[in-house]
Amino acid sequence: MRFSHFMVAGIMLISIHTAQADPRNVALLASACAVCHGTNGHSQGGTPSLAGLNKNYFIQQMLAFKHGQRDGTVMTQHAAGYTEEEIRLLAQYFSEQK
């Protein structure tokens, strides 16, 4: 009985640790967007800026690309490579960029 309590506690600790987003990992994910959307989402060219974008809008658009509901040149491939959790983390990251 005591062993099972330790197992449950260990699993909970692991779950809590993995659920917390490491800001460095999110920044690394976001750096892949910089080629087209600019550093930290500040576009300097013809592509849309991601900095300051509404989180829900970002998520909606990325999921539309991911599931083939929105046409895009390279975005369908990029979005397909992200998990829904990573998309949510990116949405949070870019919404905080000013």
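Residues numbered from 1 in each chain as written. Predicted model: local features only at pLDDT ≥ 70, side-chain atom pairs only at ≥ 80, totals over all residues. Heavy atoms only, no water.

**Looking at the overall build of the protein**
Reasoning step 1: Counting its regular elements, the protein contains six helices and zero strands.
Reasoning step 2: Scanning the protein from its N terminus toward the C terminus, one meets helices and strands in the order α-α-α-α-α-α.
Reasoning step 3: Within the protein, buried positions represent 27% of all 98 residues.
Reasoning step 4: Restricting the contact set of the protein to residue pairs at least 6 apart, pairs at least 24 apart contribute 53%.
Reasoning step 5: Split by element, the accessible area of the protein, about 6,900 Å² in all, is 60% carbon and sulfur. (Helix = DSSP H or I, 4+ residues; strand = E, 2+ residues; numbered from the N terminus. Buried < 20%, exposed > 50% of the residue type's maximum accessible area, 1.4 Å probe, protein only. Contact = heavy atoms within 4.5 Å. Areas by Shrake-Rupley, 256 points an atom, 1.4 Å probe, with all protein chains shown as cover.)

**Section: the packing of aromatic side chains**
Reasoning step 1: In this structure the tally under the stated criterion is two aromatic pairs.
Reasoning step 2: With a centroid separation of 5.8 Å and an interplanar angle of 45°, the aromatic rings of F58 and F94 are classed as tilted. Taken together, the residues span a long stretch of sequence, with F58 in helix 4 (residues 55–66) and F94 in helix 6 (residues 84–95) at a distance of 36 residues. Each member of the pair, F58 together with F94, is buried.
Reasoning step 3: Aromatic pair Y93 and F94: ring centres 5.3 Å apart, planes at 75°, arrangement edge-to-face. One exposure class covers both Y93 and F94, and it is buried.
Reasoning step 4: Taken together, the ring pairs in this structure connect F58, Y93 and F94 into an aromatic cluster. (Phe/Tyr/Trp six-rings, centres within 6.5 Å; stacked < 30°, edge-to-face > 60°.)

**Some remarks on the side chain of S43**
Reasoning step 1: Within the fold, S43 resides in the loop between helix 3 (34–37) and helix 4.
Reasoning step 2: Taking the relative accessible area as the measure of exposure, S43 reaches 15% and is therefore buried.
Reasoning step 3: Excluding its chain neighbours within four sequence positions, the residues that come into contact with S43 are C36, H37, G38, P48 and S49.

**So, the state of the cysteines**
Reasoning step 1: All told, the structure shown has zero disulfides when counted by the stated rule.
Reasoning step 2: We note that C36 lacks a disulfide partner, and the nearest cysteine sulfur, in C33, lies 8.8 Å from it. (Disulfide = S-S within 2.5 Å.)

**Considering the confidence of the model for the protein**
Reasoning step 1: Averaged over the protein, the pLDDT score is 83; the fraction of residues at 70 or greater is 79%.
Reasoning step 2: Of all secondary-structure elements in the protein, the lowest mean pLDDT belongs to helix 1 (residues 2–19), at 43, while helix 4 reaches the highest, 97.
Reasoning step 3: In this model, residues 3–19 is a region of pLDDT below 50 whose contacts with residues beyond four sequence positions or in other chains number zero contacts. (pLDDT = per-residue confidence, 0-100.)

**A short note on unusual backbone geometry**
Reasoning step 1: With a phi angle near 55°, N40 is a residue other than glycine that sits in the positive phi range.
Reasoning step 2: Of the residues examined, N40 reaches a relative accessible area of 33% and is grouped as partly exposed.

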